[in-house]
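# Residue-level structure breakdown
Here is what each chain is made of, one letter per residue.
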Amino acid sequence: MDQEKNLLNQIFELEQKLEQEPIFSKIERNLNRMKSIIEEIGFISKNPINEKYTDARTDVEASIVGKEGRHMMITKVVKPIIYKLESSNPLLVQKGIVIVESI
């Protein structure tokens, strides 16, 4: 399970590093294929960027930047959320590591 998790983290990191580069469109298809292969064996990664954040969320570990407010949003994702499908039910394998800011 650790190998699949590490591979998904590496793919996520590559996406983050290359997203703003012109070469990204050329390799995006390959990255998506790698993610599909991992998904076929039951692992799914989720990027929670721009999602609403509350203290009730159990799928992320958040660092809050600035002053905590009523309406918080995930503005940066350091590590994605990773699930393993067990009998079609998602089991949390890795909490996302995120940066949260008041909006």
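The chain is annotated in an unreviewed UniProt entry as Nucleotide exchange factor GrpE from Rhizosphaericola mali.

## Re the domain arrangement of the chain
What the domain assignment lists for the chain is domain 1 (1-41) and domain 2 (44-102). Here the C-alpha centre of domain 2 lies 19 Å away from the C-alpha centre of domain 1. There are zero salt bridges connecting domain 1 and domain 2. Inspection of the region where domain 1 meets domain 2 yields two residue pairs in polar contact (both at pLDDT 80 or more). Elements with a minimum of two residues in the side of domain 1 that touches domain 2: helix H1 (2-18) and helix H2 (24-40). Among the elements that take part in the side of domain 1 that touches domain 2, H1 stands out by supplying five residues, more than any other. Of the residues belonging to the side of domain 1 that touches domain 2, the class tally is four nonpolar, two polar and three charged.

## A word on the packing of H1 against H2
It is the contact of H1 with H2, at a shortest axis distance of 11 Å, that shows an interaxial angle of 165°. Relative to H2, the element H1 is oriented roughly antiparallel. Judged by the sense of rotation from one axis to the other, the crossing of H1 with H2 is left-handed. Taking contact as the criterion, the partners of Leu 7, Leu 8, Ile 11, Leu 14, Glu 15 and Leu 18 in H1 are, on H2, Phe 24, Ile 27, Leu 31, Asn 32, Met 34, Lys 35 and Ile 38. Split by residue class, the contact of H1 with H2 holds ten nonpolar, one polar and two charged.

## Section: unusual backbone geometry
A negative phi holds for most residues other than glycine; trans holds for most peptide bonds. Notably, Asn 50 is not glycine yet its phi reads approximately 70°, a positive angle. Its location among the elements puts Asn 50 in the loop between strand E1 (43-46) and strand E2 (52-53). Of the residues examined, Asn 50 reaches a relative accessible area of 53% and is grouped as exposed. Positive phi, close to 70°, is recorded for Ser 88, a residue that is not glycine. Given a relative accessible area of 67%, Ser 88 falls into the exposed group.

Analysis parameters
Residues numbered from 1 in each chain as written. Predicted model: local features only at pLDDT ≥ 70, side-chain atom pairs only at ≥ 80, totals over all residues. Heavy atoms only, no water. Domains from an automatic or database assignment. Salt bridge = Lys/Arg side-chain N within 4 Å of Asp/Glu carboxyl O. Polar contact = N/O pair within 3.5 Å; in protein donor to acceptor, adjacent residues only side chain to side chain. Helix = DSSP H or I, 4+ residues; strand = E, 2+ residues; numbered from the N terminus. Nonpolar A, V, L, I, M, F, W, Y, C, P; charged D, E, K, R; others polar. Axes fitted to C-alpha atoms, helices over the stretch in contact; angles between N-to-C directions. Parallel < 35°, antiparallel > 145°, perpendicular 65-115°, else oblique. Left-handed = near helix turned anticlockwise from the far one by under 90°. Contact = heavy atoms within 4.5 Å. Buried < 20%, exposed > 50% of the residue type's maximum accessible area, 1.4 Å probe, protein only.

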